[in-house]
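Geometric and topological summary
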Amino acid sequence: MTRPHLLMFLGITLLLWPGSGRAADPSGYGQPGGEFDIRIPRVPAAERAAAKAQKPSFSATSEILAEGKAIFLGRGTCFQCHGPEGRGDGGAAKVLPIQPRNFTNPQFKKLRTPGEMMWVLKNGSLGQSGKVPGTGMLPIVGQFLSEEDGWKVLLYELSLGGPQ
Ligand code: HEC
């Protein structure tokens, strides 16, 4: 197994391991049918301003979006959970108790800044705010993607579902 695949496998195993993690998670864990409430910020309050201030140093040109798409469908492994079109319906989503983000939902782009998304790419969505349970979204930037690659794939995700 390559490193990204191994990380994903470990993450899912940990999530599904009987009793593991769940006891410590706030209520709402594993609620059926979809994404956990997207109106709740994933970044803890104390870190939110700094997270929002993070911005890519380049804009979403067609070249950058093509690179982001290649990462999304390739070594980033994003498609495995988020689906080939970013609708949150990848093969691995079936075994996740909380569903991956649907990047084609226009509501999501209104609720989240790119900087908060980068924070999740660096830290994962592991219940840090105390308001959302831990999820299968593990840290990726700093693990097997550089920050530059992270911005490329985020700009691609933000381009899904039409113009903002
Ligand atoms: C193992 C499955 C899995 C993989 C692989 C994965 N994600 Fe996720 N992702 C999730 C889940 C589950 C959520 C929902 C987390 C939540 O509700 O807090 C999520 C949420 C997100 C969010 C939204 C966070 C927020 O603020 O609401 C972003 C952005 C994101 N993923 C980006 C990516 C990118 C980019 C990649 C590839 C580099 C990727 N993900 C790979 C499972 C995955």
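Residues numbered from 1 in each chain as written. Predicted model: local features only at pLDDT ≥ 70, side-chain atom pairs only at ≥ 80, totals over all residues. Heavy atoms only, no water.

Here we come to the overall build of the protein chain. Within the protein chain, the secondary structure is distributed over seven helices and zero strands. The N-to-C order of helical and strand elements in the protein chain reads α-α-α-α-α-α-α. For the protein chain, the accessible area works out to roughly 8500 Å², and carbon and sulfur atoms hold 60% of it. (Helix = DSSP H or I, 4+ residues; strand = E, 2+ residues; numbered from the N terminus. Areas by Shrake-Rupley, 256 points an atom, 1.4 Å probe, with all protein chains shown as cover.)

In this section: the site of the ligand. Taken together, the neighbourhood of the ligand is formed by 27 residues, with Cys78, Cys81, His82, Ser125 and Met137 sitting nearest. Taking histidine 82, its side chain carries an N or O atom lying 2.8 Å from a nitrogen atom of the ligand. Between arginine 101 and the ligand, the recorded distance is 2.8 Å, taken from a side-chain N or O atom to an oxygen atom. When residues of the shell around the ligand are traced back to their parent elements, those giving at least two are helix H4 (78-82), helix H6 (114-123) and helix H7 (147-159). (Near = heavy atom within 4 Å. Polar contact = N/O pair within 3.5 Å; in protein donor to acceptor, adjacent residues only side chain to side chain.)

With that out of the way, let us pick up the coordination of the iron atom of the ligand. Those protein atoms acting as donors to the iron atom of the ligand are His82 (NE2) and Met137 (SD), and they sit at 2.0 to 2.2 Å. Around the iron atom of the ligand sit six donor atoms, and with donor-metal-donor angles ranging over 87 to 179° the site reads as octahedral. Of this pair, histidine 82 sits in helix H4 while methionine 137 sits in the loop between H6 and H7, and the two are 55 residues apart along the sequence. (Donors = N, O, S within 2.8 Å, 3.2 Å for Na, K, Ca; no water. Tetrahedral: all angles 85-135°; square planar, octahedral: opposite > 155°, others 65-115°.)

The next point concerns helix H3 (residues 62-73). Note on helix geometry: an α-helix contains 3.6 residues per turn, so any two residues three or four positions apart are oriented the same way. In a regular helix each residue adds 1.5 Å, so 12 residues correspond to 16 Å; H3 covers 16 Å between its end C-alpha atoms and thus fits that length. Within H3, the full set of buried residues consists of Ile64, Gly68, Ile71 and Phe72. Angular distribution of buried residues about the axis of H3 spans 100°; they occupy a single face of the element. Seen from the buried face of H3, the exposed residues on the opposite side, beyond 90 degrees, are Ser62 and Glu63. Buried positions along H3 lie against H4 and H7. (Expected span 1.5 Å × (residues − 1). Buried < 20%, exposed > 50% of the residue type's maximum accessible area, 1.4 Å probe, protein only. Arc of directions from axis to C-beta. Contact = heavy atoms within 4.5 Å.)

It is worth spelling out the environment of alanine 49 at this point. Mapping alanine 49 onto the fold places it in helix H2 (residues 45-53). On a C-alpha basis, the gap between alanine 49 and glutamate 116 in space is 9.0 Å, while along the polypeptide they are 67 residues apart.

Per the counting criterion, the structure on display carries seven salt bridges. Where glutamate 35 meets arginine 101, a salt bridge forms, and the shortest distance between an N and an O atom there is 2.8 Å. With a gap of 66 residues between them, glutamate 35 in the loop between helix H1 (3-16) and H2 and arginine 101 in the loop between H4 and helix H5 (106-111) connect regions that are remote in the sequence. A relative accessible area of 26% places glutamate 35 in the partly exposed class. Linking arginine 75 and aspartate 149 is a salt bridge whose minimum nitrogen-to-oxygen distance equals 2.9 Å. In this pair, arginine 75 is assigned in the loop between H3 and H4 and aspartate 149 in helix H7, connecting sequence segments 74 residues apart. A relative accessible area of 12% places aspartate 149 in the buried class. (Salt bridge = Lys/Arg side-chain N within 4 Å of Asp/Glu carboxyl O.)

Another point: the packing of H2 against H6. Between H2 and H6, whose axes approach to 6 Å, the crossing angle comes to 110°. On the basis of the axis angle, H2 is roughly perpendicular to H6. By crossing handedness, the relation of H2 to H6 is classed as right-handed. Here H2 contributes Glu47, Arg48, Ala51 and Lys52 to the contact with H6, which in turn contributes Gly115, Glu116 and Trp119. Here the contact of H2 with H6 is built from residues that sort into two nonpolar, one polar and four charged. (Axes fitted to C-alpha atoms, helices over the stretch in contact; angles between N-to-C directions. Parallel < 35°, antiparallel > 145°, perpendicular 65-115°, else oblique. Left-handed = near helix turned anticlockwise from the far one by under 90°. Nonpolar A, V, L, I, M, F, W, Y, C, P; charged D, E, K, R; others polar.)

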